[in-house]
Structures are given as structure tokens and as C-alpha cells.
Amino acid sequence: MLLAKSKQPEVTVRGRTLYGHTLEVILAARHLLLHTTYGKDLYRAMHLNRFVTFKEWIKLCFVSVLCHDLGKANETFQATITAADQGNRQWQAFRHELISGYLLCTPEMQAWGKRVVGGSHWPLIVGAVIGHHLKAVLPRLLNDDFAGSGPWGIYGGAAMNELRPLCAEVEVDSFPNLTDTVLSYDDLETFWMDLLDGDQPDTALSRSLKYLVVLADTFGSMAPKEGQFTDLDEYRLRLFSDIELALHPRYIDYESRARSKMPVGAVPFPFQEEAQRHKGDIIIDVGCGQGKTTGALLWASNEPSRPTVFTTPTMGATTGLFLDYRQEGDTNRHSRTEVDSVLQMEQGEMTIVEEAEVIQAFNDLVAGTVYSTVDQVLGCIGYNRKSILWLLRLARSQIIFDEYHDYDARLVQMYREFLVNFPDVPVCTMTATLPKHRVDIIKKSRPEPFFIHDNRMDSPARVPKYKFQLVDNASEAAKHFGPQCLWFLNTRKLVHQAAQDFPNSITYHSGFKYSDRRRIQDLLMGHFEKDQLQAIVTQICETSTDISAWNMLSTYAPPSALIQRMGRLVRRLQDIRGHTGNIYLYMPPDGTPYILSPHWKKYFERWRKWVRQFEGKVVSQEDLARAYRSLPSYEQKVPVEFNLYQTHRQSLRIQSANAVTGILEDDYRDLLALEGVAKLESDSEKQAALWKGVRVQLQLVDIPLYLKARHSKMIHQTYRGRVVLPRGVFHYSPKTGLHYD
């Protein structure tokens, strides 16, 4: 008897064997595809009728789940399960998915596959099976610590014999006979390299099979807590009835949400009405603070039975949007949602939304509107497991992508891949600055998007209100740092230096503990204008920060970033009348973080030349947007590649090699103490609550940072994926954030 899982609660014993687990996954796939709307939702959303009929697609899905764990029939996997049952850990030389791929590529299985699904579709099955744990890349598939070792027994014949009865469950011919064999590390490495020689790009069809196997394997492996259910069938019935209920269409009044934010008696602006009239993909290209969000919600009202996902590029913007527009049943979703919930609960505004054990929150499925970071949506393109689970919602949703101008070059490519792979998911893209090359990306991905502009003659975007003043250096600019003034700097180091001369100013950048970042954000939003404060900030304030400065200081930056910074300048209508916002610009000491090259000045000179056309003039948002569209693209080219066989999680954004997340040494010791309390708790529910407290506390105190080479040598400890920052080297202040030389 071949095993698939280590010992689990007695109620799930059926899923422990390879036969039992495969049966559970088949039953999960059957329920998802045939007894909920998910199968038809995904088939429609991805336009899979371009490749196969619905019936053919269902068959491909079932064959994929039937074969997904064949590779567990090997000597080392079975020994690992036995060791785990005895409380021991045994490292494996290779992942079982690689063996599954090897067995599926034997002549016998290829002939069977050609007969069952067709020769052109069989590689798609192989890709879905090898990739269903999203680790199909070296060195994840092969542990190079075992290089040159082996051989190991591969029990292909035993796997065929045990799983052959399940062929009837998915209505396909019986498995062929295979012979048990042995393979060495070198044999497996050769097989993988030969397979990659025939690799090909992912398609929507191959993606859909991978998505389905991930979902079915997840739900087929889920087990109730000890004592919760006495029968596995009862548990499965409850689980799938909950999913069916969650996927049931419901009416959502998006128009009322939009109008609730308008002044009493006001009517929508013409561009907002235009958005409401258009059903399908739209691009709202309108300046900062002009009402794009209201227009997007009116657009969503065209399809009130579709749930909406409203995305922004940052966690702070997502939470702010959620707090501004939420109604009963809405959900806030990003990587620190749990922390946000705790912070809001402390203010008496809401209760904690409990995280589901597998889906990020089952509430996400039934929510009318989910406010999320764009990473949560585009993660399905980058093969993020949690985002793939979210497809239960995404496949039937309409998506609002806010702040498209703030995407880096890699995120733009992920966005493009989403548009291509999910052509039936309606998309509203919002931006304040849209250059031609990004327009072209949208048009190539969705041939007929409808562009919406604010063409009102009395639009605030047409009012001249910005005056560019070019100065020689920071000292000259600092002379103009007065009340209700923002000072934008390109790096934290520059912020710290400026803050020494202005100790009473607010400093805001990404190098704070999350709890302090939220506190400072609330201070800015609530008191910057009312108390006429000063703030020294980085790019963190460029977007989705609804504050209005009278004047602004800034180092040069890419024009798109400058225009976004100026969206915080004279933002209110009452400020525009009779007041011109001055922006004092000067050259930074280096190109960080925009151009990490010794030749950074040539780029900055191009941007300074662009600004010089406005020097001494008073210009409007529309003037800037028109000039920006005429600029050639200097955007970094970032190749993004997704392949049939190499399926693994990919980063969504451009990431610096030295970007890490850290925790201070004192916080590390506090977390270890909290862990100790959790380990000693005997009550399972109390222990779960304590572990949740550890998780929340960790997210409250960790800090993103960029490590220099000399600092990396001083790091000797890690904790849950974070580096521990030793005291004496790294210093922290709740007012100014993390400091280090």
C-alpha cells in the first residue's frame, strides 16, 4: 500500500493512502467543476473556448488530478512518510512532482495520454502535474546536496495497479502497465534538462489546468480540526455547500456607494456619467483628486451581480480606500490585513475578520467588494498559491486597477499577462498619467478599451496652479520649507539628514515598523492641513495620500513621479482659488533608487530638461499630462517569462537583490518569549489564539530595508523569514524610523 500523507486525525485516514488521497482530490475537482459555478466561471473568464470545448476541458482537468501524485510512488517519498510517522524528519533528494513527470513521459503513458486526451494536449497534463506545488524549477525539484547519489526505486508499476480503479471515476481508459525501475540523481537531472528542451510558453489553457489541480489538491487535502467532525464525508459536504453558497450570485448596489460620497444634491461629473454608460473595459485617465474612484464605482454598477475587486499598489492606500468606502460585508485584503484589523479594533471601529485556514478569508468569497493590493489579484499570474485560491472569486469578478501609473515595469508586465489570460474579466484601469507606451500595452492586450477623460472646461485639472522654481541645492530649497509644506526626497538617508535641521517636522518613509507607519499616515491625513504641519517624505506619499500642501520641495525624479508628487500640491478646490503652489526642485546627490548606475546623471539631466520648459510658469495638471505623453519611454525593459514545465512562484515587482525585511533584536527577544508562552498552553483554542498573537505582533514590528554588503556580514540570526538586526548597528526611533550607516 503506497502512502500519500503522514498520520492525521482518525477521521481523515481514508486520505492517507495514495489511492485515498487521489480519490479525495478527484471528488473535490468534481464538486468544483460540476456542482458549483466555478468551472463555467473560469472557462468563460479565460476564454478557454479558444482551445477546447467545455466538455473537453473538464476531461483534461480530471485526467490532471488523476495523475497529479503518481510520483509519490518512489522509495524516498515512502521512507520520508514513514519517518514522519515516527516523529523524524528525512530529507529527500528530489520532489515527487519530478517523478510524476518522469512516469507521464514513459512511452506507455504517452500512448495512453494520446488515446485519452490527444497528443497535443498531453504535454499540458504533464505541465500541470509537475507544477501543481508551484516548485517546478531547479534547485527546488532536485536537492543538489544529493548530486551524484542514487539510484532509488521508482514504483511506477505499483502506482498503476493501485490507481487503476480510479480511471473509472473520471471515465477514461484504464492505466497501462508500467514496470518498477530505479533512477539516480544524474538520471533525473538528465530527464529534467531534456524536458526543458521541449518547453513552451504557458497558455491560458495550460494555466487553467494548473489552477484547477492546485485548488482540487487543496480542498481534497483539507481536514477538520480534531473532534469537529466524526465523518469525512460530512465534513466535505459542509465544505462544498459553503463554497456553493459563497459562489451564488448576489446583487450589489454600487451606484449608491458612489453617490454616498458626493455632496448632497450634487450630480456626477460628465466623465463619471460616461464611465457609468460604458459596459466593458475602460481606462479612466483623469488627474489626481478629480473623482476617479466615484467614476469606477459607477462603472461597476453596470454589472451589479458581479462582485468587485478594487486594487491599489500599496497597503496603506488599500486600507484607506476600504475605510472610506466600506459597507457591511466588504473586506480589506492585503498581506497585513490581520494587523490592520487589530489596529482598527483598538480604535473601536470594527472586529477582527478571522482568517480562514486555507483561503485567505472565506469572507472574501461572499463580500460585495474586496479592497486589495494589486499583488493579491496579479499573484495568480505569478503563481502565488493564495492568489490561485482567490480565483474562486476572481473568475466571476470585475476588477478596478487604481494607480496604474505607479506600477513598476515588472508589475506592468504582470498586469498585461492578466489582461491576456482573463479576457472576459471586465477591467477598469485608473491613472493620472498615462504615457503612450503604456497605452500601447493596454491596447495590445485588450483591443477595444474605452478611454475616459475629464473634458470639462471648468475642470480643476485645467486650472493653472503649479509654479516650478529650479534651485541649486537642498540648502536653497530648505529656505522655503514653511507651514503646510511637503519635502519629497528620494531616499531615507536624505530624509534623516533633512529631519536633523527640522526636528519638529513629520518624517515618513517605508523604514518604520508597520504600527508606526499607520500612526504617521493617520497623523498626516488628519492633521497636516488642519494644523499646517511640515512633512519630510519619500515616494511613499506620491500616491493615494489625500493631503493638500501649499508649497513643495523635491529632488528631481522621473516625470511620472514628479507629477504624482504634485498631486499633493494645492489639491483642494478652495486652495486653488487665489493660490499658486510653488515646487522647488534641485538635483539629488545620486540616482537612488531610480537609476542605480554611475551614469545616473544623464537620466536626471533629461528629466531636468523636461522640467525647464515650465520654469517660472504657472501650469495646470492638464499641461503636465500633455507634456508627459510626448516624452519617449525610458522605462526599464523587464522580461517576464512563464513556461509550461517551469512553474514556480515569481515576484510581481522589480526587487533589489539586497531588499530584505528585518526585526530589531529587542523585538526578536520579545517574540521568542511570546512563542514560549504559546508552546506551554495546553488548551488548543487558547494556543491557536496565542500563535495568532505572535503572527500579528511580528507583522506589527518588522521593517523593510536595503542591506549593504558590510551590514550583511553583521547579520547572524533570522526569524520567520526576517533578518534579526543587532542593536548597536541598527537604531530605531518611532519618530524617524530605522537608522544605520
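Everything below is about the structure shown above.
Residues numbered from 1 in each chain as written. Predicted model: local features only at pLDDT ≥ 70, side-chain atom pairs only at ≥ 80, totals over all residues. Heavy atoms only, no water.

Within the chain, the regular secondary structure consists of 32 helices and 22 strands. Expected size for 741 residues packed as a compact globule is a radius of gyration near 27 Å; at 28 Å, the chain falls within 12% of this value. Across its three principal axes, the chain shows a C-alpha extent of roughly 85 × 60 × 50 Å. Out of the 741 residues in the chain, the part that is buried amounts to 56%. At a minimum sequence separation of 6, the contacts of the chain that also span at least 24 residues come to 77%. The distance from the centre of the 86 positive side-chain charges to the centre of the 86 negative ones in the chain is 5 Å. (Helix = DSSP H or I, 4+ residues; strand = E, 2+ residues; numbered from the N terminus. Rg over C-alpha atoms; globule rule 2.2 N^0.38 Å. Buried < 20%, exposed > 50% of the residue type's maximum accessible area, 1.4 Å probe, protein only. Contact = heavy atoms within 4.5 Å. Lys, Arg positive; Asp, Glu negative; His and termini not counted. Charge placed at Lys NZ, Arg CZ, Asp CG, Glu CD.)

With that settled, consider the packing of aromatic side chains. The tally for this structure, following the rule as stated, stands at 29 aromatic pairs. Ring centres of Tyr383 and Phe642 lie 6.2 Å apart, and the angle between their planes is 70°; this geometry places the pair in the edge-to-face category. Here Phe642 lies in the loop between helix H29 (621-629) and strand S17 (659-664) and Tyr383 lies in the loop between helix H18 (374-378) and helix H19 (385-389), a separation of 259 residues in the sequence. When its relative accessible area of 2% is taken as the criterion, Tyr383 is described as buried. Taking the relative accessible area as the measure of exposure, Phe642 reaches 7% and is therefore buried. Following the ring pairs from residue to residue traces out a cluster consisting of Tyr211, Tyr383, Phe401, Tyr404, Tyr407, Tyr415, Phe418, Phe422 and Phe642. When the ring centre of Tyr603 is taken as reference, the NZ or CZ atom of Arg606 above it lies at 5.2 Å. (Phe/Tyr/Trp six-rings, centres within 6.5 Å; stacked < 30°, edge-to-face > 60°. Lys NZ or Arg CZ within 6 Å of the ring centre and 35° of its normal.)

Bringing the pairing of strand S10 (residues 466-470) into the picture now. With 5 bridges joining them, S10 and strand S15 (residues 581-586) adopt parallel strand pairing. Residue pairing across strands places Tyr466 opposite Gly581, the latter belonging to S15. Sheet analysis places S10 next to strand S16 (residues 618-619), joined by 2 bridges and oriented antiparallel. Bridge pairing links Lys467 to Val618 in S16. (Pairing = 2+ DSSP bridges.)

Turning next to the sheet that holds S17. As summarised here, the arrangement of the 4 strands in space is S18-S17-S20-S19, forming an open sheet in which the pairing is mixed. Because the sheet does not close on itself, it has two edges, and the strands there are strand S18 (703-706) and strand S19 (718-719). Examined bridge by bridge, S17 and strand S20 (residues 722-725) share 3 bridges and lie parallel to one another. Within S20, the residue paired with Gly662 across the bridge is Val723. Here helix H31 (residues 684-701) sits on the sheet and contacts S17, S18, S19 and S20; the angle it forms with S17, its principal contact strand, is near 110°. (Axes fitted to C-alpha atoms, helices over the stretch in contact; angles between N-to-C directions.)

Once that is clear, we can look at the sheet that holds S15. Sheet architecture is open: 7 strands sit in the order S12-S13-S11-S14-S15-S10-S16, paired in mixed fashion. Edge positions in the sheet fall to strand S12 (506-508) and S16, since each has one partner strand and no second. Contacts from helix H25 (residues 514-527) reach S12 and strand S13 (534-537), with the element oriented near 130° to S12.

What follows covers the packing of helix H3 (residues 54-67) against helix H10 (residues 204-221). Here H3 crosses H10 at 50°, and the two axes come no closer than 9 Å. The angle between H3 and H10 places the two elements in the oblique class. The element H3 and its partner H10 pack so that their crossing is right-handed. Two secondary-structure elements touch here, H3 through Trp57, Leu60, Cys61, Ser64 and Val65 and H10 through Leu205, Ser208, Leu209, Leu212, Val213 and Ala216. A breakdown of the residues in the contact of H3 with H10 according to their chemical character gives 9 nonpolar, 2 polar and no charged. (Parallel < 35°, antiparallel > 145°, perpendicular 65-115°, else oblique. Left-handed = near helix turned anticlockwise from the far one by under 90°. Nonpolar A, V, L, I, M, F, W, Y, C, P; charged D, E, K, R; others polar.)

Another point: unusual backbone geometry. Looking along the chain, the bond that leaves Gly150 and enters Pro151 is cis, with omega of 5°. Tracing the sequence through the fold places Pro151 in the loop between helix H7 (122-131) and strand S1 (152-154). With an omega of -5°, the peptide bond running from Thr592 to Pro593 counts as cis. Along the polypeptide, Pro593 turns up in the loop between S15 and helix H28 (600-612). Its identity is not glycine, yet Tyr383 carries a phi of approximately 60°, on the positive side. The phi dihedral of Arg720 falls on the positive side, at around 50°, and the residue is not glycine. Inspection of the secondary structure puts Arg720 in the loop between S19 and S20. Relative accessible area serves as the criterion here: at 46%, Arg720 is assigned to the partly exposed category.

So, on to the environment of Arg608. Topologically, Arg608 is positioned in helix H28. Residues Arg608 and Pro313, 295 residues apart in the sequence, show an inter-C-alpha distance of 27 Å. The contact partners of Arg608, leaving out residues within four places of it in the chain, are Tyr556 and Met587.

All right, on to the environment of Glu417 then. You can see Glu417 is positioned in helix H21 (residues 409-421). Put simply, Glu417 and Arg629 are 212 residues apart on the chain and 24 Å apart in space, counted from C-alpha to C-alpha. Discounting chain neighbours no more than four positions away, the residues touching Glu417 are Ile381 and Phe642.

Turning our attention to the environment of Val640. Take Val640: it is sitting in the loop between H29 and S17. Taking the C-alpha atoms as reference points, Val640 and Met414, separated by 226 residues in sequence, lie 7.8 Å from one another. Beyond its immediate stretch of four places on either side in the chain, Val640 contacts Arg410, Gln413 and Met414.

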